[in-house]
Each structure stands twice: as structure tokens, then as C-alpha cells.
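Structure assessment
Here is what each chain is made of, one letter per residue.
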Amino acid sequence: MQTFSSQRSRADEPALWLGTSWKMTKTIGEALAYVEQLLTVDIPSGMQVFVLPAHTALFAVANALPQDSPVLLGAQDAHWARDGAATGEVSMRMVRDAGASIVELGHSERRAAFGETDERIAWKVRAAVDSGLLPLVCVGESHEIRVAGGARDFVASQVAAALSGLNPTEVARAMVAYEPVWAIGEHGRAATLPEVTPVLDSIHEVASALSSTGRLRAVLYGGSVDADNISELVTADGVDGVFVGRAAWDAAGMRRLIEIAAQARRLPGT
Ligand code: PGA
């Protein structure tokens, strides 16, 4: 199994992040078959790939990844408490123990369907950092907020709330994924760059006020990312990478995205 330090050495400052959440799509066997194929892909140095299986597959995937793997492993959520009576939940310590080094927090599906509030997400971000996990905070406005012209302010306030329990050095190590709710999933519509970049700017403005370095570890974009739009997204100002759902749910799709993104960014070896 990978250790955190072996994973972290590659994740320090990659030029480009490319990650996928498999959401609720894979059994352990399916997750292992995916990883076996992914490990045959030539991932260029400068690109940090990560996968977020369901909790049930974390330990098996962690064991399938070699020590020096270019693929980081993460969980899709975890509870803020260290332990206790929280039936059905898993803690940060538990996902860390199962091999995760990243934890996704505040995805819009969880905000909409599982009672995630900005306050809870801030607790989770704090707990993630305390457990040595790299928090990946998802933020994004609804269609209604977008139409009303409030996307920048809404997303900035989500970011500020999520990071409110961290000190400036910890903020500098956190990651944020901007994922407009209206752009996610099978009913989503791919966003255009003019729709995305002002909101990314607002995230960077929050980071410059809160972070010891003036920036976050990475700001990713997510929502209907696919082989057609990934080049434009990974070369856009203010985008350190992309966070993908459906287009990366099979390993062939992920391979294609890795290849296209690497070429678009002209990473070494491509
Ligand atoms: P999608 O999902 O790529 O399938 O739109 C993105 C996400 O939910 O992160």
C-alpha cells in the first residue's frame, strides 16, 4: 500500500491535476479492473492523477497501487468526528487508514441530498487536515443563482466558509473544485469559459486573502468535462486541473482525457 509521504512527494506542485470521482458506480472488482488498466497509461510527469472510489473499494485500490504510483487515492466524503455514535458514517481517520490521501467534501449531490451545510463542510475540512488528508472542497452555484447574477459572490462565500477553520498555511494546502450545479451530471450542460472564468477569479481572490502563499494548492474545474472540452478547460487561466465524473468512469475514457490534457498543456513527454 502507498504511504502518504510517497504519495505526497508527487502531489507537491504538479502542473496539472486530473481526477475522477466514481461516485456510486463501482464494486471492488470493477474498481480493481479500472486501476489495472489505468496503471498501464503513461502519465506524464507534471500531471497528478487521482481516483475517488466508493468507501468499500478504498482499501483494495490502495493495495493495488504501487508505492511510487502516479495515481493518488481519495475518498468521496467522511464524517467530521474522530469516532463515536454516527451510524453508517466513516471518519477521516478511517478513510486515511484505508489508504486515502485526499478527501472530497461538499459535492453538490451531498449538499442537495444529504444535508451538507457550509458549517458541516467547514468541520469536515478541519477534520480532514487534522487527519493528514488533503481536502478537496467542491463549490458551485445553482442555475437560479447563476441567472440572478450571483454566482461569483455565492461561490466566494462557499469557499470562505469551507476554509474558515484553517490557518493561512493550511489554506495554502487545500484544494477547491468549482463545479456549477447546472453543469454536473446527465442533466447538466457543459459550461463555457466566459461563464467559468469570473467565478474562478472570485475563488482566487478569496485564496489571496486567506492563504499564507496567496493561493490554494489547486483550483480545479468540474461539471460535464469530456474529451471535447478538456483541452480548452486545462489551458484556461486560473485552472490547475479538472475533476471529472461520467467521462472518466471507464478506464479507456480516463486514458483519453489524460492524453488530450497532457498534449493541450504540452507536458514533458507528450
Ligand atoms: P460529471 O460530474 O463530469 O459527470 O458532470 C462531475 C462531478 O460531479 O464532479
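Preceding this paragraph is the structure being described.
To keep things clear, this report deals only with the structure shown in the data block.

Conventions adopted
- Residues numbered from 1 in each chain as written.
- Predicted model: local features only at pLDDT ≥ 70, side-chain atom pairs only at ≥ 80, totals over all residues.
- Heavy atoms only, no water.
- Helix = DSSP H or I, 4+ residues; strand = E, 2+ residues; numbered from the N terminus.
- Rg over C-alpha atoms; globule rule 2.2 N^0.38 Å.
- Buried < 20%, exposed > 50% of the residue type's maximum accessible area, 1.4 Å probe, protein only.
- Contact = heavy atoms within 4.5 Å.
- Lys, Arg positive; Asp, Glu negative; His and termini not counted.
- Charge placed at Lys NZ, Arg CZ, Asp CG, Glu CD.
- Pairing = 2+ DSSP bridges.
- Right-handed = clockwise from strand over helix to strand, strands pointing away.
- Near = heavy atom within 4 Å.
- Polar contact = N/O pair within 3.5 Å; in protein donor to acceptor, adjacent residues only side chain to side chain.
- Areas by Shrake-Rupley, 256 points an atom, 1.4 Å probe, with all protein chains shown as cover.
- Nonpolar A, V, L, I, M, F, W, Y, C, P; charged D, E, K, R; others polar.
- Core = buried A, V, L, I, M, F, W, Y, C linked by side-chain atoms within 4.5 Å.

1. Points about the overall build of the protein chain
The number of helices and strands found in the protein chain is 12 helices and 8 strands. Relative to its length of 270 residues, the protein chain is compact, with a C-alpha radius of gyration of 17 Å against a globular reference of 18 Å. Across the 270 residues in the protein chain, those meeting the buried criterion constitute 51%. For the protein chain, the proportion of contacts with a sequence separation of at least 24, taken over those separated by at least 6, is 73%. Taking the average location of the 23 positive side-chain charges in the protein chain and that of its 32 negative ones, the two points are 3 Å from each other.

2. Points about the pairing of strand S3 (residues 71-75)
Counting buried positions along S3 gives 5 out of 5 residues, so the element sits mostly inside the fold. Burial along S3 is two-sided: Val71, Leu73 and Ala75 and Leu72 and Gly74, pointing in opposite directions, are all buried. Judged from the 3 bridges that link them, strand S2 (residues 47-52) and S3 form a sheet pairing that is parallel. By the bridge assignment, Val51 is partnered in S3 with Leu73. Across 2 bridges, the pairing between S3 and strand S4 (residues 102-105) is parallel. The partner of Gly74 across the bridge, within S4, is Ile102. A crossover links S3 with its parallel partner S4, the connecting element being helix H4 (residues 92-97), and its sense is right-handed.

3. Considerations on the site of the ligand
With respect to spatial proximity, the complete set of residues near the ligand consists of Lys23, His107, Glu179, Ala183, Ile184, Gly185, Gly223, Ser224, Val244, Gly245 and Arg246. The contact in question runs from an oxygen atom of the ligand to an N or O atom on the backbone of Gly185, over 2.8 Å. Between an oxygen atom of the ligand and a side-chain N or O atom of Arg246, the distance comes to 2.6 Å. The fraction of the free accessible surface of the ligand (280 Å²) that becomes covered by protein chains is 99%. A breakdown of the residues in the shell around the ligand according to their chemical character gives 3 nonpolar, 5 polar and 3 charged.

4. Topic: the pairing of strand S5 (residues 134-139)
Along S5, 6 of the 6 residues are buried, which leaves the element largely enclosed by surrounding structure. By the alternation rule, side chains of S5 split into Leu134, Leu136 and Cys138 and Pro135, Val137 and Val139, which are all buried. In the sheet, S4 pairs with S5 via 4 bridges, with the strands oriented parallel. Looking at S5, one finds that Ile102 is bridged to Leu134. As defined by bridge partners, S5 adjoins strand S6 (residues 175-178) across 4 bridges and the pair is classed as parallel. Across the sheet, residue Cys138 finds its bridge partner in S6, namely Ala177.

5. So, the nonpolar core
Grouped together as the largest cluster of nonpolar side chains are 75 residues, with contacts concentrated most on Leu18, Leu38, Met47, Ile203, Ile230 and Ile258. Among the elements that take part in this core, helix H12 (residues 251-264) stands out by supplying 7 residues, more than any other. Excluding residues that lie within four positions of it along the chain, Ile230 makes contacts with Leu18, Val225, Val242, Leu257, Ile260 and Ala261. Counting 13 residues, the second-largest nonpolar core is a separate cluster that includes Leu136, Cys138, Leu220 and Phe243.

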